[in-house]
Amino acid sequence: MGEQVIHILIVADDRVAQEIYKTYVLLFSKELNRNVEVITISYQEHELENILLGNFLYDIAILEISDNQKGTKGIDLAKSLLKMKQELPIIYISDVQSFRVKASELLGIGFLLKPVDQKQLRIVFYRAVGQTVLQNKIEDERYLELSINRKKVFIKLHAIVCLEKVQKKILFTTKNNVYEERNTIAAITTRLPPYFLQINQSVIVNMNEIICIEGRQVYLTTNQDYIIGRTFQRKVELSYRRFTR
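Given the structure is predicted, the values throughout are model-derived calculations rather than measurements.

1. Observations regarding the pairing of strand β12 (residues 203-206)
Stage number 1. Residues V203 and V205 of β12 are buried on one face, and the alternating residues I204 and N206, pointing to the opposite face, are buried as well.
Stage number 2. Relative to β12, strand β8 (residues 160-166) runs antiparallel, the two sharing 3 bridges. Pairing of L163 across the sheet is with I204, part of β12.
Stage number 3. Alignment of strand β11 (residues 196-198) against β12, held across 3 bridges, turns out to be antiparallel. Across the sheet, the residue bridging to L197 is V205, located in β12.
Stage number 4. Hairpin remark: β11 followed by β12, antiparallel, with 4 residues in the connecting loop.

2. So, the packing of aromatic side chains
The geometry of an aromatic ring pair is captured by two quantities: the separation of the ring centres and the angle between the planes.
Stage number 1. Evaluated as defined, the whole model comprises 3 aromatic pairs.
Stage number 2. Consider the rings of Y24 and F28, whose centres lie 5.9 Å apart with planes at 10°: the pair is stacked. One end of the pair, Y24, and the other, F28, are both in helix α1 (residues 15-31), 4 residues apart, so they sit about a helical turn from each other.
Stage number 3. Between F28 and F125, the aromatic rings sit 5.9 Å apart at their centres with planes inclined by 45°, giving tilted as the arrangement. Linking F28 in helix α1 with F125 in helix α5 (residues 118-140), this pair joins segments that are 97 residues apart in sequence.

3. What to know about the sheet that holds strand β14 (residues 217-220)
Stage number 1. With antiparallel pairing, the 3 strands of this open sheet are ordered in space as β13-β14-β15. Strands at the two margins of the open sheet, each flanked by one partner only, are β13 (210-214) and β15 (225-227). Strand-to-strand, the axes of this sheet are offset by a mean angle of 20°, without reference to chain direction.
Stage number 2. By the bridge criterion, 4 bridges tie β13 to β14 in an arrangement that is antiparallel. By the bridge assignment for β14, I210 is matched with L220.

4. Some thoughts on the pattern of salt bridges
Stage number 1. On inspection of all chains with the given rule, the structure shows 10 salt bridges.
Stage number 2. Note that R122 is salt-bridged to E31, the shortest N-O span being 2.9 Å. Residue R122 is found in helix α5, and its partner E31 is found in helix α1; the two are separated by 91 residues along the sequence.
Stage number 3. Judged by its relative accessible area of 22%, R122 falls in the partly exposed class.

5. Regarding the state of the cysteines
What we call a disulfide is simply a covalent bond connecting the sulfur atoms of a pair of cysteines.
Stage number 1. The full count for this structure, using the stated rule, is 0 disulfides.
Stage number 2. C162 forms no disulfide, and the closest cysteine sulfur to it belongs to C212, at a distance of 15 Å.
Stage number 3. Accessibility expressed as a relative area gives 1% for C162, which makes it buried.
Stage number 4. Taking relative accessible area as the criterion, C212 reaches 25% and is therefore assigned partly exposed.

Criteria and cut-off values
Residues numbered from 1 in each chain as written. Predicted model: local features only at pLDDT ≥ 70, side-chain atom pairs only at ≥ 80, totals over all residues. Heavy atoms only, no water. Buried < 20%, exposed > 50% of the residue type's maximum accessible area, 1.4 Å probe, protein only. Helix = DSSP H or I, 4+ residues; strand = E, 2+ residues; numbered from the N terminus. Pairing = 2+ DSSP bridges. Phe/Tyr/Trp six-rings, centres within 6.5 Å; stacked < 30°, edge-to-face > 60°. Axes fitted to C-alpha atoms, helices over the stretch in contact; angles between N-to-C directions. Salt bridge = Lys/Arg side-chain N within 4 Å of Asp/Glu carboxyl O. Disulfide = S-S within 2.5 Å.

Have a look at this one:
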């Protein structure tokens, strides 16, 4: 799969601040010899909606929180991101000291006051990258435990190409085999990492195994292809676009 890209989300209403933080992040990432993809957005409703609707789990988030109504949006966004990925390292940046307590409650990996000191941002960013690299290493070794004919079977998550609901069973397809377990899509989804994407009511695919998406058709490395459900299409497009950046 090659070196994993670290996906970083920067949220600030000031466009100049966005560019400053992005410049710092790219500089620090180069120092660490890490391949990163940086998304910068504001707290505008449509931008936040795209982030949350896409359900794409970022590796690091940098959130600027101000002492006004936007501050509430920042806290709400942090809660939403942590709900999707509780281990997410978040760096909080604020113009008021009082947000330090809230950042601590939300398990932030760092809290910085504006104007941001480059050396301090470098330190907390290095910590965030270190945590991310460790999480990715752990993720690579994760197994999914299945119960098949009353026996426990362990499949490496990265080896699963797709999952398909057929009647009362879930079919787990790898490049070498197909495993069956009586289960539901809803139950399985809670046990899968973020690179698995549900594309319709019955199918979940490993985004690492997608060759291409043409219109509403998803083509996989195993020569399988599936149709994206109409209600899933926008979410699939947003999630896969960010995943492949």
